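The lines below spell out each chain.
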Amino acid sequence: MSTLSFTTPHELQILLGERLRRLRLNRNLDQLTTAEKAGVSEKALRNLEAGRGSTVETLLRVLKALDSLQGIDLLAPEATVNPLDLLRQPKLPQRARRREKESG
């Protein structure tokens with residue numbers, strides 16, 4: 001089980017902010033350049049990186065500016081077929097049966 005399961009939402013915000021900051025620094029971008037590229041204020045980016053809360057729009061804009069939109073797939077994976085739903089469906093015939101000849 002992931003240790004993140006036992007983390008509070010506030011701690012998760014701080015962790016996410018730290019990861020975004022490291023990602024930005026790995027891209028060799030300063031806060032002002034990243035904020036301008038994302039179309040957000042520098043203060044909004046600072047708040048996001050500090051884990052002081054932000055909007056989803058700011059998060060998405062920063063991810064896009066950092067060319068890291070694949071993070072969305074990790075946050076909210078595309079729903080797939082639930083194996084339990086498959087078990088609940090009526091069974092389809094496994095083979096065709098020959099029709100009986102009509103007597104006449």
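Please refer to the structure placed before this passage.
Values in this document were obtained by computation on a predicted structure and should not be read as measured data.

Engineer: Just checking my understanding: could you explain helix α3 (residues 42-50) for this structure?
Structural biologist: Along an α-helix, a turn takes 3.6 residues, which lines up residues three or four apart on a common side. Those residues of α3 not exposed but buried are Ala44, Leu45, Leu48 and Glu49. Seen end-on, α3 carries its buried residues on one side only, within an arc spanning 130°. On the buried face of α3, the contacting elements are α1 (9-26), α2 (31-38) and α4 (56-65). One or two residues past the end of α3 sits Gly51, with phi positive at roughly 75°.

Engineer: Sorry, what's going on with the side chain of Arg24 here?
Structural biologist: Take Arg24: it is sitting in helix α1. Separated by 2.6 Å, the side chains of Arg24 and Glu49 make a polar contact. If near-sequence neighbours (up to four positions away) are discounted, Arg24 is found in contact with Leu29, Asp30, Gln31, Thr34, Leu45, Glu49 and Leu66.

Engineer: Hey, could you run me through the nonpolar core in this one?
Structural biologist: Formed by 13 residues in total, the largest nonpolar core has its most connected members in Leu20, Ala38, Val40, Leu48, Leu59, Val62 and Leu66. Looking at this core, the elements that each hand over two or more residues are α1, α2, α3 and α4. Examining the composition of this core, we find that 4 residues originate from one element, α4, more than from any other.

Engineer: Would you take a moment to explain a nonpolar patch on the surface for this structure?
Structural biologist: A surface patch of nonpolar side chains, about 320 Å² in accessible area, is lined by Val56, Leu60, Leu69 and Ile72. Residue placement: Leu60 occurs in helix α4. Taking relative accessible area as the criterion, Leu60 reaches 36% and is therefore assigned partly exposed.

Engineer: Looking at this structure, how should I read the packing of α2 against α4?
Structural biologist: Angle between the axes and distance between the axes are the two parameters that describe a pair of packed helices. Between α2 and α4, whose axes approach to 8 Å, the crossing angle comes to 110°. Taken together, the axis directions place α2 and α4 in an arrangement best described as roughly perpendicular. Of the residues in α4, those touching α2 at Thr34, Lys37 and Ala38 are Arg61, Val62 and Ala65. The residue inventory of the contact of α2 with α4, partitioned by class, reads 3 nonpolar, 1 polar and 2 charged.

Engineer: Help me out: how do you make sense of the pattern of salt bridges in this one?
Structural biologist: Side chains that carry opposite charge are capable of pairing whenever their charged atoms lie near each other. In total, this model carries 3 salt bridges according to the counting rule given. Across the salt bridge formed by Glu42 and Arg46, the nearest N and O atoms sit 3.9 Å from each other. Of this pair, Glu42 and Arg46 are both found in helix α3, 4 residues apart, which corresponds to roughly one turn of the helix. We classify Glu42 as partly exposed; its relative accessible area is 31%.

Thresholds applied
Residues numbered from 1 in each chain as written. Predicted model: local features only at pLDDT ≥ 70, side-chain atom pairs only at ≥ 80, totals over all residues. Heavy atoms only, no water. Buried < 20%, exposed > 50% of the residue type's maximum accessible area, 1.4 Å probe, protein only. Helix = DSSP H or I, 4+ residues; strand = E, 2+ residues; numbered from the N terminus. Arc of directions from axis to C-beta. Contact = heavy atoms within 4.5 Å. Polar contact = N/O pair within 3.5 Å; in protein donor to acceptor, adjacent residues only side chain to side chain. Core = buried A, V, L, I, M, F, W, Y, C linked by side-chain atoms within 4.5 Å. Patch = residues over 30% accessible without salt bridge, like charges linked within 9 Å, V, L, I, M, F, W, Y side chains within 5 Å. Areas by Shrake-Rupley, 256 points an atom, 1.4 Å probe, with all protein chains shown as cover. Salt bridge = Lys/Arg side-chain N within 4 Å of Asp/Glu carboxyl O. Axes fitted to C-alpha atoms, helices over the stretch in contact; angles between N-to-C directions. Parallel < 35°, antiparallel > 145°, perpendicular 65-115°, else oblique. Nonpolar A, V, L, I, M, F, W, Y, C, P; charged D, E, K, R; others polar.

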